[in-house]
Amino acid sequence: MSSLFGLDSSDRLVFVSEVPRGLACQCRCVACNEPLIARQGTVREHHFAHASGREPCDVSHESLLHRYAKQVILEAGGLMVPMDSTVAGHLGLELSSAPSADLKLARIEVERSVQDVRPDLLGHTEEGLTIAIEVAYSSFCDLFKVDQFARQGLAALEIDLRAFTPEGFEPAAVRSAVLHDLQAKAWLWPKPPAQQEAVPPAAPSAPATAASTEAPKERLPEEIVTISGRWVSIKEFPSGDLAVRVITYDPDVVSIVKTIAQANYARYSPKWKSWNVPRWRAEAVRVELRAWAQRVSIVMQDGAGLRHVPSPFAR
Ligand SMILES: [Zn+2]
């Protein structure tokens, strides 16, 4: 299906309409390396075919779009990014009045792991700043990944390329969206104050006392509500979003959590087996889960491992 891209003589990924017609394109198949013919009839019919006449190799559009976008950034050595005071402050940049900045990257690493995350690109500026860049087509960064960026203090930008389907692919438009435009770009971390109440997850120092019954506003590392003897974990991210996960499997408890989550615009992450709740519904979800719970605890991380202390929210 993906005969829209080929590799040119210098191993660059090229789109079929960017090359000379026929064998003169001097392209090879991305998958099998066989010579390609660029067929350029009417625009809709542009595609590469194996010179041998073999069936096209099956390569996903997403992986090629991904690779194409990364190549565009690598070759340009930077890109325009949206800028706000939070990101500028984090990066130590002077904030001009412009809502954007031309980010020049002296060095760019592809798929380089940084502790637990492996961003699509890791860019380094002359000044020694490091920025993670994620290119998204069908899968977007989930809250866990955002949380990892936050923990590492690694500024991360996501570029949304959903518009560039096989039918909607236009090299100049992709270049423009990736390099110059701002509308498809958003910082995953750090977020402007409007999107994040900057309260670090404070470990509660003391178990519930009479004084703390007045619903403290502090952030909790993790809260465990026990429903029908089963544990349900509620974890809060720096953004204020929640991840709700049934720890001990029970079909009834799974069903309760699912009902509450869906009613509150949560999205299920199969990878983490958790419901991701947007921060504006976080409190509602906590309240509903606690209403089902016999016991509410906060998980404390200490030398002895995990232990449960009563939650100030316990009824
Ligand atoms: Zn092939």
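Residues numbered from 1 in each chain as written. Predicted model: local features only at pLDDT ≥ 70, side-chain atom pairs only at ≥ 80, totals over all residues. Heavy atoms only, no water.

Would you take a moment to explain the packing of aromatic side chains for this structure?
Think of a pair of aromatic rings as described by two things: how far the centres are apart, and how the planes are tilted against each other in angle. A full pass over the atoms with the stated rule returns seven aromatic pairs. Between Tyr68 and Phe169 the ring centres are 5.2 Å apart and the planes differ by 80°, which places this aromatic pair in the edge-to-face class. Of the two residues, Tyr68 is situated in helix H1 (residues 61-76) and Phe169 in the loop between strand E11 (155-160) and helix H4 (171-180); the sequence distance between them amounts to 101 residues. Side by side, Tyr68 and Phe169 carry an identical accessibility label, which is buried. (Phe/Tyr/Trp six-rings, centres within 6.5 Å; stacked < 30°, edge-to-face > 60°. Helix = DSSP H or I, 4+ residues; strand = E, 2+ residues; numbered from the N terminus. Buried < 20%, exposed > 50% of the residue type's maximum accessible area, 1.4 Å probe, protein only.)

Please explain the pattern of salt bridges as it appears in this structure.
A pair can form between side chains of opposite charge whenever their charged atoms are brought close. This structure, assessed with the given rule, holds 15 salt bridges. Of the charged contacts, one joins Glu75 and Arg12 as a salt bridge, the two residues approaching to 2.6 Å between their closest N and O atoms. Of this pair, Glu75 sits in helix H1 while Arg12 sits in the loop between strand E1 (5-7) and strand E2 (13-15); the two residues are 63 residues apart in sequence, bridging distant segments of the chain. Arg12 gets classed as partly exposed once you look at its relative accessible area, which sits at 31%. One salt bridge in this structure joins Arg279 and Asp241, with 3.5 Å as the shortest N-O distance. Pair noted here: Arg279 is in the loop between strand E17 (274-277) and helix H6 (282-292) and Asp241 is in the loop between strand E14 (230-236) and strand E15 (242-246), with a separation of 38 residues, a long-range link. Given the relative accessible area of 33%, Arg279 is considered partly exposed. For Asp241, a relative accessible area of 11% gives the class buried. When salt bridges with common partners are traced through the structure, they connect Asp8, Arg12 and Glu75 into a single cluster. (Salt bridge = Lys/Arg side-chain N within 4 Å of Asp/Glu carboxyl O.)

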